[in-house]
Amino acid sequence: MTEHTFDAVIVGAGGAGLRAALELAGQRVAVVSKLYPPRSHTGTAQGGIGAALGNLEEDYPEWHTFDTVKGGDYLVDQDAAELMCQEAVETVYELEHWGLPFDRTPDGRIAQRRFGGHTRNFGEAPVRRACHAADRTGHMILQTLYQQCIRHDVRFFNEFQMLDLLVDEGTCRGIVAYETSTGELHTFHAPAVLLATGGFGRLYRVTSNAHALTGDGVAIAWRRGIPLMDMEFFQFHPTGLYRLGILLSEAARGEGAVLLNRHGERFMERYAPTLKDLAPRDMISRVMYQEIRAGNGIDGKDFLHLDFRHLGRKVLEEKLPDITEFVRTYLGIDPAEQPVPVVPTAHYAMGGIPTNNDGQVIVDERGTPLRGLYAAGECACVSVHGANRLGTNSLVDILVFGRRAGRHMAAYLRQAAREPVMVNPHSTVEAQLREWQARSQGEPPARIRDDLQALMMDKVSVFRSGSGLAEAAEGLRALRERYGRARLDDRGRRFNQDLLEAIELGFLLDLAEATVAAALHRTESRGAHYREDYPRRDDAQWLKHILVYRGEDGRISFRYKPVVITRFPPKERTY
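Read on for a plain summary of the structure. Just so it is clear, the structure is predicted and the values come from calculations on it, not from any experiment.

As for the packing of aromatic side chains
By the definition in use, this model includes 23 aromatic pairs. Note on Phe66 and Phe568: the rings are 5.4 Å apart at their centroids and 65° apart in plane angle, and the pair reads as edge-to-face. Here the residue Phe66 occupies a position in helix α2 (residues 61-71), and Phe568 occupies one in the segment after β24 (556-562), the gap between them amounting to 502 residues. When sorted by exposure, Phe66 lands in the same class as Phe568, which is buried. Ring geometry for Tyr242 versus Phe303: centroids 4.5 Å apart, planes at 40°, classification tilted.

Right, here's the structure in full:
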């Protein structure tokens, strides 16, 4: 057992964590990451970061805000969205000044492309708002931020997995982490902790998310009595490679690729006559499944085509090189010659740990902060995405609110009292690890994880119903019983991935329970949450956030947080 003391600890080395770390440079700050930082999931964001620079056509942050609110089906907290869209412009120029190699216009300004749901003049037509570096924008952001952190001597603890959050008398006081290479536990004492641990797309069988996206920080916070917000909203991206789920960015459709059914029809023209293939993701994913249900899948099967052929090889090689390579590598076809089989893939959690606009974690509907605890990025829910996130807004979110959280932490540290070090802070985790090591009978956790992912895919994906969600809840209870009897094959200490995957499965089971409970509770359809038994949006009853709590006895309860509406009253969404 090793103990460390820092001013601030950041858990997660994606865009939100690294951006926050830069605001804390000069203080004793540690970044604790289960991965080597440049492998964090921010690096997989392909198409661009949204900001109303207006480099290619007229654009304003007000239009960006409107699109974000409408795209989120009016569950967005509009004060947070206004702030995000205003600060997005400064954030992009900051990255440029740090050396991020954006693509350029002929006159040297940052190039921008169209993206789903982004429009000019409050919905008139698509607008070029996504600032891009080919289709490797997230990768370039991650590299730029990591280099800046190295330059500012930020200290990293790589391949350390957080297993517990130290909360005592309403104050966060540090974390407990597991060092993968040794099996040793480490306690990090700090008066300020930021959770930036990413999403939890591994809940689903078909997903664009990497294996590391198991919701560690979100689940640990929930276990510590912190509520989760908007958990019923999980986004499916329309264009994942068939059967694999590997993402083909919206940048493809931004550059002109189109969706086709078995008749070669560009079917989105019927459903969204203004934006067509650039309608929001929730709408396109539902339409794709409707087409497949109607027998319009390719050759009558359960996929559709994304057609690049008319773009030409030069566009593919210069503007979409990664996408082109993915298709060649994983499907063995050339997108310049053949249409690409695609289906919706589980992609992004709109819900998570509730925060205010400065990244402080809040614990109730009144916005009461938990002292010393912050969250930013996909694990957090500041509610700029509402019921459905627009493409390019995830990168804006992590950078704007990562920076705001880092700045608030720095201010908090100037006045926070240094609490006494907690006694035996690792004892709970140590007991859990001993229990796992002692089990010699039972089934392997991997089998339970496969069944969990299949259950969530079947009952809790794009289309949902009360009966299906009730079956999912019952199925989760059975999976949890099996989990309690599971065993490990590897009882060693060094690089024991068997143990870590078993622990991650526990996190996923918790988050599946929260997701199903909230989805069952919300009896309407809004954004990514579509209930076939309640197909309409119900603003009278459900224009509010659901906070889901789990008590010490395991029982789930709900509270409601009002949606902040400043400028754009709810309307029917048409595109």
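Next comes the rest of the account.
Overview of helix α3 (residues 78-97)
Between its terminal C-alpha atoms α3 stretches 29 Å, which fits the 28 Å expected from 20 residues at 1.5 Å a residue. In the structure, α3 departs most strongly from a straight axis at Ala88, where the bend amounts to approximately 35°. Where α3 terminates, the next one or two residues include Gly99, which has phi positive at roughly 110°.

Observations regarding the sheet that holds strand β6 (residues 125-131)
Pairing within the open sheet is antiparallel, and its three strands lie in the order β4-β6-β5. Strands at the two margins of the open sheet, each flanked by one partner only, are β4 (49-50) and β5 (112-120). The pairing of β5 with β6 spans five bridges and is antiparallel. Bridge pairing links Thr119 to Pro126 in β6.

Here we look at unusual backbone geometry
Phi is positive for Asp153, close to 60°, though the residue is something other than glycine. Here Asp153 shows up in the loop between α4 (137-151) and β7 (155-158). We classify Asp153 as exposed; its relative accessible area is 69%. The phi torsion at Asp230 lies on the positive side, around 60°, for a residue other than glycine. Structurally, Asp230 is set in the loop between β12 (228-229) and β13 (234-241). Residue classification places Asp230 among the buried residues on the basis of a relative accessible area of 0%.

Criteria and thresholds
- The residue numbering used here restarts from 1 in each chain and proceeds along that chain's sequence as written.
- Given that this is a predicted model, residues contribute local features only at a pLDDT of at least 70 and side-chain atom pairs are listed and counted only at 80 or more, while totals for whole chains, interfaces and linings are drawn from all residues.
- To obtain the side-chain values, all non-hydrogen atoms of the structure were included, while hydrogens and water were left out.
- Aromatic pairing here means that ring centres of Phe, Tyr or Trp (its six-membered ring) are within 6.5 Å. Orientation follows from the plane angle: under 30 degrees is stacked, over 60 is edge-to-face, and everything else is tilted.
- To qualify as a helix, a DSSP run of H or I must reach at least 4 residues; to qualify as a strand, a run of E must reach at least 2; elements of each kind are numbered from the N terminus.
- Each residue gets one of three labels from its accessible area relative to the maximum for its type: buried under 20%, exposed over 50%, partly exposed in between, using a 1.4 Å probe on protein chains only.
- One less than the residue count of a helix, multiplied by 1.5 Å, gives the span that helix is expected to have.
- What the bend at a residue measures is the angle between two axes, fitted to the seven residues ending there and to the seven starting there.
- Strands pair, by our definition, only if DSSP identifies at least two bridges between them.

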